[in-house]
Amino acid sequence: MTGPAAAPARGLLRDIRQLVLFTSKRLIALFLTVLVGVYLTILIANMGGQVDELRLVQIQSTVAEQVRADPAFFDMSLQERNELIERQAQFEVERLRLDQPFIVRSVDYLQQAIRLDLGRAEHMHSDRGAREVYWIIVERLPATLLLFGTANLLVFFTSVFIALGLSRRYGSALDRSVIALAPTSAAPGWFYGIFLILIFAFLIPVLPAGGMVDVPPPEGTLEYAASLLRHMLLPLAAMFISTIFISIYSWRTFFLIHSSEDYVEMARAKGLPSRLIEQRYILRPTLSPIITSFALMLIGLWSGAIILEQVFNWPGLGTLLFQAIGHRDTPVIIGTVVIFAYLLAITVFLLDILYAMLDPRVRVGAGR
């Protein structure tokens, strides 16, 4: 195809090549970031190999206890029993590849972690008794997604709606109140959670202090959902209080800046309704920053999970990681960090793609 008719086709092919190149570069960059983060976690979790040294001692003592407690070996002499202990301990060491240098083992750990071949936990297990790290994490992941996803959606849409209203009432008493309350967001969610538990679980015992559902769990679907909602109210309130005022203040300032643009003033001069001006000339041009802010809130979701889940005894990934650190269960620690890393990388990657699609000023592949 030649001539003017071929120009659109060449332009489409060029855009596709740029999109593929942009996507490939971002995926490689994010993968390398995950790779470095996971490897540093492996080094820290193993304390440079010291944890594996402790595992050698633990293997030796465990095998010795098993052999000495087995009636089948009671007739053996002490020397034969010690030789059997050494052989079985050596077999276990070789199976776990603990006889190799730590740098080699760390690379093996990294390859397995990146492939999500997380192996078996050393001390922990799932509620159903599974020792595989994968199933332990899969069991806890929905609880974290439910709690923090709901909280962030609630904060995001509430703050955008209220901020848009405050931008129309600049200088009002409500506007000044939000500005005055913005510094309260300096305290994290778990800080407010402690006070909410003291008030609504002990002083005025109307809500449960922690957990995800009642014990034993209700059998009916509606009863289970009602119990889940009651247990979610306090942690949701804690996260909402800790972020809502600064979010409203940030968006209110953002909308005030955009509402003073020349094209908005021109629309007002034409006599267009306020609702139409907000939808067409304020919200639509700011859609890319809004999506960016929401994605950044999702990224902050993962980093705030550990302490708040521990305060409310919420059975999610944060509590799992805290318990794994306490038990020194290296496979669970590494597996949880890998899941966090992948979730962060996926969020950032989707943010890049959406930003390039929504913002006409961004040219995918240009200057990259």
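Residues numbered from 1 in each chain as written. Predicted model: local features only at pLDDT ≥ 70, side-chain atom pairs only at ≥ 80, totals over all residues. Heavy atoms only, no water.

The name recorded for the chain in an unreviewed UniProt entry is ABC transporter permease, from Thioalkalivibrio paradoxus ARh 1. Under Sequence similarities (unreviewed entry), UniProt gives the following word-for-word description of the chain: "Belongs to the binding-protein-dependent transport system permease family." Taken verbatim from the UniProt record of the chain, the Subcellular location (unreviewed entry) comment is "Cell membrane". (UniProt positions renumbered as here; feature names shortened; annotations may be inferred.)

Enquirer: How would you explain the overall build of the chain if you had to name every residue and give the values?
Expert: For the chain, the count of helices and strands is 14 helices and zero strands. When the helices and strands of the chain are placed in sequence order, the string is α-α-α-α-α-α-α-α-α-α-α-α-α-α. Put simply, the chain has 368 residues, and 38% of those count as buried. Sequence-distant contacts, at least 24 apart, represent 70% of the contacts inside the chain between residues at least 6 apart. (Helix = DSSP H or I, 4+ residues; strand = E, 2+ residues; numbered from the N terminus. Buried < 20%, exposed > 50% of the residue type's maximum accessible area, 1.4 Å probe, protein only. Contact = heavy atoms within 4.5 Å.)

Enquirer: For the UniProt feature "transmembrane region" (unreviewed entry) in the chain, give the residues involved together with the corresponding values.
Expert: Mapped onto this numbering, the UniProt entry gives "transmembrane region" (unreviewed entry) at residues 27-47, 145-166, 187-208, 228-251, 290-312 and 332-358. Span residues 145-166 is 100% helix and 0% strand, its end C-alpha atoms 31 Å apart. Here residues 187-208 is 68% helix and 0% strand, with 23 Å between the C-alpha atoms at its ends.

Enquirer: How would you sum up a nonpolar patch on the surface? Please name residues and give values.
Expert: Together, Trp 190, Phe 191, Ile 194, Phe 195, Leu 198, Ile 199, Phe 200, Phe 202, Leu 203, Ile 204, Val 206 and Ile 307 make up a nonpolar patch on the protein surface, roughly 1,100 Å² of accessible area in all. Considering each element in turn, the nonpolar patch owes the most residues, nine residues, to helix H7 (residues 189-203). Looking at where Phe 200 falls in the secondary structure, it is placed in helix H7. (Patch = residues over 30% accessible without salt bridge, like charges linked within 9 Å, V, L, I, M, F, W, Y side chains within 5 Å. Areas by Shrake-Rupley, 256 points an atom, 1.4 Å probe, with all protein chains shown as cover. Salt bridge = Lys/Arg side-chain N within 4 Å of Asp/Glu carboxyl O.)

Enquirer: Could you give an account of the packing of helix H5 (residues 133-168) against helix H13 (residues 317-327), naming the residues involved and the relevant values?
Expert: Running from amino to carboxyl end, H5 crosses H13 at an angle of 135°, the nearest separation of the two axes being 7 Å. Relative to H13, H5 is oriented oblique. Together, Ile 136, Ile 137, Arg 140, Leu 141 and Thr 144 of H5 and Leu 317, Gly 318, Thr 319, Leu 320 and Gln 323 of H13 make up the contact between the two elements. (Axes fitted to C-alpha atoms, helices over the stretch in contact; angles between N-to-C directions. Parallel < 35°, antiparallel > 145°, perpendicular 65-115°, else oblique.)

Enquirer: How would you explain H13 if you had to name every residue and give the values?
Expert: Taken as a whole, H13 has its buried residues at Leu 317, Gly 318, Thr 319, Leu 320, Leu 321 and Ala 324. At the C-terminal side of H13, Arg 328 shows a positive phi close to 55°.

Enquirer: Account for the nonpolar core, with residues named and values stated.
Expert: For soluble globular proteins, the rule of thumb is that nonpolar side chains tend to be buried together. Counting 26 residues, the largest nonpolar core has Val 34, Val 38, Ile 42, Ile 59, Val 63, Val 67 and Leu 110 as its most contacted members. Listing elements by their share of this core, those giving two or more residues are helix H1 (6-45), helix H2 (50-69), helix H3 (78-95), helix H4 (102-114) and helix H14 (330-358). Discounting residues that sit within four places of it in the chain, Val 67 has contacts with Phe 73, Arg 81, Leu 84, Ile 85 and Gln 88. Counting residues in each nonpolar core, the second largest holds 21 residues, with Ala 143, Leu 147, Leu 207 and Met 239 among its members. (Core = buried A, V, L, I, M, F, W, Y, C linked by side-chain atoms within 4.5 Å.)

Enquirer: Lay out the packing of H7 against helix H8 (residues 221-259) with the relevant residues and their values.
Expert: Between H7 and H8, the shortest axis-to-axis distance is 8 Å and the interhelical angle comes to 135°. Taken together, the axes of H7 and H8 lie oblique to each other. Between H7 and H8 lies a crossing of right-handed hand. Of the residues in H8, those touching H7 at Gly 189, Tyr 192, Gly 193, Leu 196, Ile 197 and Phe 200 are Leu 234, Ala 237, Ala 238, Ile 241 and Ser 242. Residue composition of the contact of H7 with H8, by class: eight nonpolar, three polar and no charged. (Left-handed = near helix turned anticlockwise from the far one by under 90°. Nonpolar A, V, L, I, M, F, W, Y, C, P; charged D, E, K, R; others polar.)

Enquirer: How would you explain unusual backbone geometry if you had to name every residue and give the values?
Expert: For the bond from Val 215 to Pro 216, the omega torsion is -5°, close enough to zero to count as cis. Its place among the elements puts Pro 216 in the loop between H7 and H8. Non-glycine residue Asn 313 carries a positive phi angle of around 50°. With respect to the element layout, Asn 313 can be found in the loop between helix H12 (305-311) and H13.

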